[in-house]
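Descriptive structure summary
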Amino acid sequence: MTNNLLPLEKKLESDASSKQDKFPDQQVNYFRRYTTLVDNLKRHIYPNINAGLSSLSKSPGLYTDHGERHFDEVVRYAGLILEGAVDVLEPFELYVLLCAIRIHDAGNIDGRENHERRTSSILREYGGDIKNDSAELKMIADIAQAHGGHTVDHNDKDTIGALKESAGAGPIRVRQRLIAAIVRFADEICEHSSRAITHNLNKGNVIETSM
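Okay, so let's go over this structure. (Residues numbered from 1 in each chain as written. Predicted model: local features only at pLDDT ≥ 70, side-chain atom pairs only at ≥ 80, totals over all residues. Heavy atoms only, no water.)

A look at the packing of helix H1 (residues 7-18) against helix H2 (residues 30-44)
As a reminder of what qualifies: Here the axes come from fitting lines to C-alpha atoms, over the contacting stretch only for helices, and the angles between their N-to-C directions go from 0 to 180 degrees. Starting at the N terminus, helices and strands are each numbered in turn, a helix being any DSSP run of H or I of at least four residues and a strand any DSSP run of E of at least two. An angle counts as roughly parallel when it lies under 35 degrees, as roughly antiparallel when it exceeds 145, as roughly perpendicular when it falls between 65 and 115, and as oblique in every other case. Between two residues, a contact is recorded if the distance between any of their heavy atoms is within 4.5 Å. In this count, Pro and Cys sit with the nonpolar residues alongside Ala, Val, Leu, Ile, Met, Phe, Trp and Tyr, while Asp, Glu, Lys and Arg are called charged and the others, Gly among them, polar.
Their axes nearest at 8 Å, the elements H1 and H2 cross at an angle of 140°. Considering the angle they form, H1 stands oblique to H2. Contacts between H1 and H2 involve Glu9, Leu12, Glu13 and Ala16 on the former and, on the latter, Tyr30, Phe31 and Tyr34. Of the residues in the contact of H1 with H2, the class split is five nonpolar, no polar and two charged.

As C-alpha cells, this is what we get:
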C-alpha cells in the first residue's frame, strides 16, 4: 500500500523511521505493522463488508458504502481535522489512531448489530504482529469500538467518556479519549455523495440507520 499513502500515513512512515524512541518497542517498525494490518483488511475484509451488511444484518437491505473507500476517507478526514496541528499527536498515538480507523467499521462484515464490538476479534485474526501485544491490541480495539454503539456495562452512548483519559504502552502514554474523538468525528463528517446508494431506490430497502 506504500504507493498511495494518505498524508497521515506518510507522517507515520516518517516517524517510524526517524523517531523510534517515541514508540514502545524500538525494535518494531510500527509503519510496517500498520501496513500489514491494512493489507490484510484490504484482502480479506473490506471487499466483503457491504455484502455482510446487506445479508447478515437484522434489517437486510441497502446500506451506505462501508467498503475500502470509506476507510480511506476517514483517514483522509482525520488528516484534515489535524491539518497544521498533526504534531499534537505523539508518533505512537498517530499509529493507534490509524489502526483504530482502519478497523472501526470492519465488524460490519458480520452484520450491522454490535459491529463495533468485533474489533478485537478482527485484530487478532488480521492484525499480524498486533495480536502478540495484548495491551496494544486492547487499546486499539477499545478506541475503535468507541466510535459508536453503547458501553458494555451501562448501556450508555458515551462510549468515549467510558475510556480512560490516557493509558500506558510501556513508557509511552496514549490519550485514548482524544484519539477516539478524532476517529468518531472523522467518521461522522465523511458522509458525502460517493457513499450514496444509486440503484434499487424504489424497492423500499434503504435502511434508515444505515450510516
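This is not the end of the story, as more comes after the structure.
Describing the packing of H2 against helix H5 (residues 91-103)
Taken N-terminus to C-terminus, the directions of H2 and H5 make an angle of 5°; their axes are 10 Å apart at the nearest point. Classed by the angle they form, the pair H2 and H5 counts as roughly parallel. Side by side, H2 and H5 meet where Tyr30, Arg33, Tyr34, Leu37, Val38 and Leu41 of the first sit next to Phe92, Tyr95, Leu98, Cys99, Arg102 and Ile103 of the second. Taken together, the residues of the contact of H2 with H5 sort by class into ten nonpolar, no polar and two charged.

Side note on the side chain of Arg33
Stated formally: The classification of residues rests on relative accessible area computed with a 1.4 Å probe and restricted to protein chains. Under 20% of the type maximum is buried, over 50% is exposed, and intermediate values are partly exposed.
With respect to the helices and strands, Arg33 occurs in helix H2. Residue classification places Arg33 among the buried residues on the basis of a relative accessible area of 12%.

Geometric values such as these leave the question of function open.
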